[in-house]
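Residues per chain, in single letters:
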Amino acid sequence: MSCQYTGQCLCGEIRYVVDAEPLFAGNCHCKDCQRSSGGAFIPAMLFPESSVAIHGAAKYFETTADSGHTHGRGFCPHCGSQLFARFSRFPGMLGIKAGTLDDASRYAPKLDFHVASAAPWDFMDPRLPKKQGPAQD
């Protein structure tokens, strides 16, 4: 089975190809992810940035988390789709939003994290482990 993942933004201006398996896959329920996505959580995959080829130019918006680490969210400047994430805590890694995958069935979350911040209407998969704070301390 190929480990290649492909995806794009809503308008197709930005496309990506990944030639690696994700190092992590999980659902972030933090308040920043809720605000940036407009939903209950962000389904995220983390890859070595060197394994990701991006065609098109994402624009990044950077915030500082309560921990003091920065989080840059990469989005399409044309359609606004959020595709990528860069974290000062994980240099050399690139997060990809699972909803942008061409084949979203390949996303297999292993964890729900920042569940202490989850919206009261958020329904989480009871089969996944839950972590109150960040995925990794």
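Thresholds, definitions, all that
Residues numbered from 1 in each chain as written. Predicted model: local features only at pLDDT ≥ 70, side-chain atom pairs only at ≥ 80, totals over all residues. Heavy atoms only, no water. Core = buried A, V, L, I, M, F, W, Y, C linked by side-chain atoms within 4.5 Å. Buried < 20%, exposed > 50% of the residue type's maximum accessible area, 1.4 Å probe, protein only. Helix = DSSP H or I, 4+ residues; strand = E, 2+ residues; numbered from the N terminus. 1 Å grid on protein atoms, 1.4 Å probe; cavity = no way out; pocket = protein on both sides within 12 Å on 5 of 7 lines; lining within 4 Å. Points joined across faces, edges and corners; volume = space filled by probe spheres on them. Nonpolar A, V, L, I, M, F, W, Y, C, P; charged D, E, K, R; others polar. Pairing = 2+ DSSP bridges. Disulfide = S-S within 2.5 Å. Axes fitted to C-alpha atoms, helices over the stretch in contact; angles between N-to-C directions.

### Overview of the nonpolar core
So, point 1. Within the largest apolar cluster, 18 residues are counted, with the highest numbers of intra-cluster contacts made by Y16, V18 and M45.
So, point 2. Contributing elements (two or more residues each) for this core: β2 (15-19), β4 (42-48), β8 (82-87) and β9 (93-97).
So, point 3. Ranked by size, the runner-up nonpolar core spans 8 residues in total, among them C28, C30, L111 and F113.

### Observations concerning the layout of surface pockets
So, point 1. By volume, the largest pocket is sized at about 830 Å³.
So, point 2. H71, F87, F113, H114 and P134 are, among the 34 residues lining the largest pocket, the residues nearest its centre.
So, point 3. For the lining of the largest pocket, the elements supplying multiple residues, two or more each, are β3 (24-28), α1 (31-37), β4, β6 (59-64), β7 (70-75), β8 and β9.
So, point 4. Split into classes, the residues belonging to the lining of the largest pocket amount to 18 nonpolar, 10 polar and 6 charged.

### Regarding the sheet that holds β9
So, point 1. Here 8 strands make up an open sheet; going across it, the order is β6-β7-β8-β9-β4-β3-β10-β11 and the pairing mixed. Edge positions in the sheet fall to β6 and β11 (130-131), since each has one partner strand and no second.
So, point 2. Both β3 and β4 contribute to a ladder of 5 bridges, which runs antiparallel. Directly across from G26, in β4, lies its bridge partner A44.

### Overview of the pairing of β4
Each regular strand carries side chains that alternate between the two faces of the sheet.
So, point 1. Where β4 meets β9, 5 bridges bridge the pair, whose relative direction is antiparallel. In the strand pairing of β9, P48 is matched with M93.

### Thoughts on the pairing of β6
So, point 1. Counting buried residues in β6 gives 0 out of 6 residues, a small share hidden from the surface.
So, point 2. As defined by bridge partners, β6 adjoins β7 across 6 bridges and the pair is classed as antiparallel. When the sheet's bridge partners are listed, Y60 is paired in β7 with G74.

### Some points on the state of the cysteines
In a disulfide, the sulfur atoms of two cysteines are covalently bonded to one another.
So, point 1. Counted by the stated rule, this structure contains 0 disulfides.
So, point 2. Between C33, a cysteine without a disulfide, and C30, which holds the nearest cysteine sulfur, the sulfur-to-sulfur distance is 3.7 Å.
So, point 3. A disulfide-free cysteine, C76 has its sulfur positioned 3.8 Å from the sulfur of C79, the nearest such atom.
So, point 4. Classification of C76 by relative accessible area gives buried; the value is 1%.

### Describing the sheet that holds strand β5 (residues 52-55)
So, point 1. Overall, antiparallel pairing links the 3 strands, which are arranged β1-β2-β5 in an open sheet. A strand with exactly one partner marks an edge of an open sheet, and here the two such strands are β1 (4-8) and β5. Going across the sheet, the axis of each strand differs from the next one's by a mean of 10 degrees, ignoring polarity.
So, point 2. Note: β2 against β5, 4 bridges, orientation antiparallel. Paired with Y16 across the strands is I54, a residue of β5.

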